[in-house]
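Listed below, chain by chain, are the residues.
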Amino acid sequence: MGADGHFRVTLSLRREPAAGPVYCKMETSARFRQLKTVKLSCEATYRLDISFKPPQLLEWDEETRIRPIQGGESNLSHPESRDREEVPWTQARRFSDPETQVKRLLDLKTQAKGSLDPWIQTGGLSNLRSLTIGGKQVETIERARDGTACAYSAYHNTKDIPASARGHREELPIAMRVFGSGFLTTCLQIKYYRQDDQSHCEWGARLHCIELDCSSVEGRLVTVDRETYRKLGIES
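Since the model is a prediction, treat every value here as computed from it, not as a measurement.

A. View of empty space enclosed by the protein. Inspection of the entire model under this criterion finds two cavities of 30 Å³ or more. Within this model, the second largest cavity holds a volume of roughly 40 Å³. As for the second largest cavity, its lining consists of Leu13, Leu48, Ile133, His156, Leu172, Ile174 and Leu188. Its residues placed into classes, the lining of the second largest cavity shows six nonpolar, one polar and no charged.

Dropping the structure here:
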């Protein structure tokens, strides 16, 4: 989180496996909740890239704790386990300042390298983050991090999702807990197209990204102050 409690989240959707473009349209009818609709195909997989500037840290899932391995034991333990060793997460929470918390957590992660189960180190701090897409928890990989920004990736699979009926739109909620800032949620308006209806799915403006200018409210809740759709270099 920035010194003033503000940060920017950028969402980018690409169709896998070839990082294909995703399209969106402006609605002309007032009957829909949002003016912008993102077009997705049924029976497909989409990669969602989430970047933060300045860098933030997604919390781990509350149902899973991580501790150093001893004697070959598993590093996954139930939250209520009495013999659980203090984990980096609880150590970092000793500090009241969010930026100090994040720095301490990353320092502890570096110190523990080589002594933690490889499951933790796959693609970043952990795969089991507090990120949900469409109400389902998804594995999340930290792709990059430096002093100015960081990036995570997750996947949304549209298998078994039916095509949207004519004149109807679906909601795709995206929710996450940002360490030191609070709970952040946003919702995309989606129209799902049949797998064999690519001509309509790929008609419209090519969506580059969605920018969310955010503010933290007392470290518990993140509000979205401004939402910007970037398409073909045009702000809307």
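B. Examining the packing of aromatic side chains more closely. One pass over the full model with this rule turns up two aromatic pairs. Seen from their ring centres, phenylalanine 7 and phenylalanine 52 are 6.2 Å apart, and the 45 degrees between their planes marks the pair as tilted. Linking phenylalanine 7 in strand S1 (residues 6-15) with phenylalanine 52 in strand S4 (residues 45-53), this pair joins segments that are 45 residues apart in sequence. In terms of burial, phenylalanine 7 and phenylalanine 52 fall into one category: buried. Taking 6.2 Å as the distance between ring centres and 85 degrees as the angle between the ring planes, the aromatic pair formed by phenylalanine 52 and tyrosine 152 counts as edge-to-face. With a gap of 100 residues between them, phenylalanine 52 in strand S4 and tyrosine 152 in strand S10 (residues 150-157) connect regions that are remote in the sequence. Residue class for tyrosine 152 comes out buried when judged on its relative accessible area of 1%. In this structure an aromatic cluster arises from ring pairing among Phe7, Phe52 and Tyr152.

C. Summary view of the layout of surface pockets. Estimated volume of the largest pocket: approximately 300 Å³. If you go around the largest pocket, you meet 15 residues; those closest to its centre are Arg166, Lys191, Tyr193, Asp197 and His200. Considering each element in turn, the lining of the largest pocket owes the most residues, three residues, to strand S12 (residues 182-193). Among the residues making up the lining of the largest pocket, the classes are represented as four nonpolar, three polar and eight charged. Taken as a whole, the second largest pocket spans an internal volume of roughly 190 Å³.

D. Local environment of the side chain of glutamate 211. Along the polypeptide, glutamate 211 turns up in strand S13 (residues 205-217). Within the structure, glutamate 211 has its side chain in polar contact with the side chain of arginine 8 (distance 3.5 Å). Side-chain polar atoms of glutamate 211 contact the side chain of arginine 230, separated by 3.1 Å. When sequence neighbours within four positions are dropped, the list of residues in contact with glutamate 211 reads Arg8, Val9, Thr10, Arg226, Glu227, Thr228 and Arg230.

E. Representation of the environment of cysteine 42 in the model. With respect to the helices and strands, the residue cysteine 42 is situated in the loop between strand S3 (36-41) and S4. Spatially, the C-alpha atoms of cysteine 42 and aspartate 160 are 7.4 Å apart, while their sequence positions differ by 118 residues. For cysteine 42, the contacting residues outside a window of four places in its chain are Thr158, Ile161, Pro162, Ala163, Tyr192, Tyr193, Arg194 and Gln195.

Quick notes on the rules
Every chain begins its residue count from 1, and numbering advances along the sequence as written. The predicted nature of this model means local features are confined to residues of pLDDT at least 70 and side-chain atom pairs, given and counted, to a pLDDT of 80 or more, with totals for whole chains, interfaces and linings taken over all residues. The side-chain quantities take in all heavy atoms of the structure and omit both hydrogens and water. Residues are called lining when one of their atoms sits within 4 Å of a cavity or pocket point, these points coming from a 1 Å grid over the protein atoms alone, where a cavity is a set in which a 1.4 Å probe fits but cannot get out and a pocket is an open set with protein on both sides within 12 Å along at least five of seven lines. Grid points are joined across faces, edges and corners, and a volume is the space filled by probe spheres set on the points. Nonpolar residues are Ala, Val, Leu, Ile, Met, Phe, Trp, Tyr, Cys and Pro. Charged residues are Asp, Glu, Lys and Arg, and all others, Gly as well, are polar. Two aromatic rings from Phe, Tyr or Trp, using only the six-membered ring of Trp, form a pair when their centres are within 6.5 Å; if the ring planes differ by under 30 degrees the pair is stacked, by over 60 it is edge-to-face, and anything between is tilted. Here a helix means four or more residues in a row that DSSP labels H or I, a strand means two or more in a row labelled E, and each is numbered from the N terminus. Exposure classes here rest on a 1.4 Å probe applied to the protein chains alone. A residue is buried below 20% of its type maximum, exposed above 50%, and partly exposed in between. We call two N or O atoms a polar contact when they sit within 3.5 Å, provided that within protein one can donate a hydrogen and the other can accept it, with sequence-adjacent residues counted only if both atoms are side-chain atoms. A contact between two residues is defined here by any heavy atoms of the two lying within 4.5 Å.

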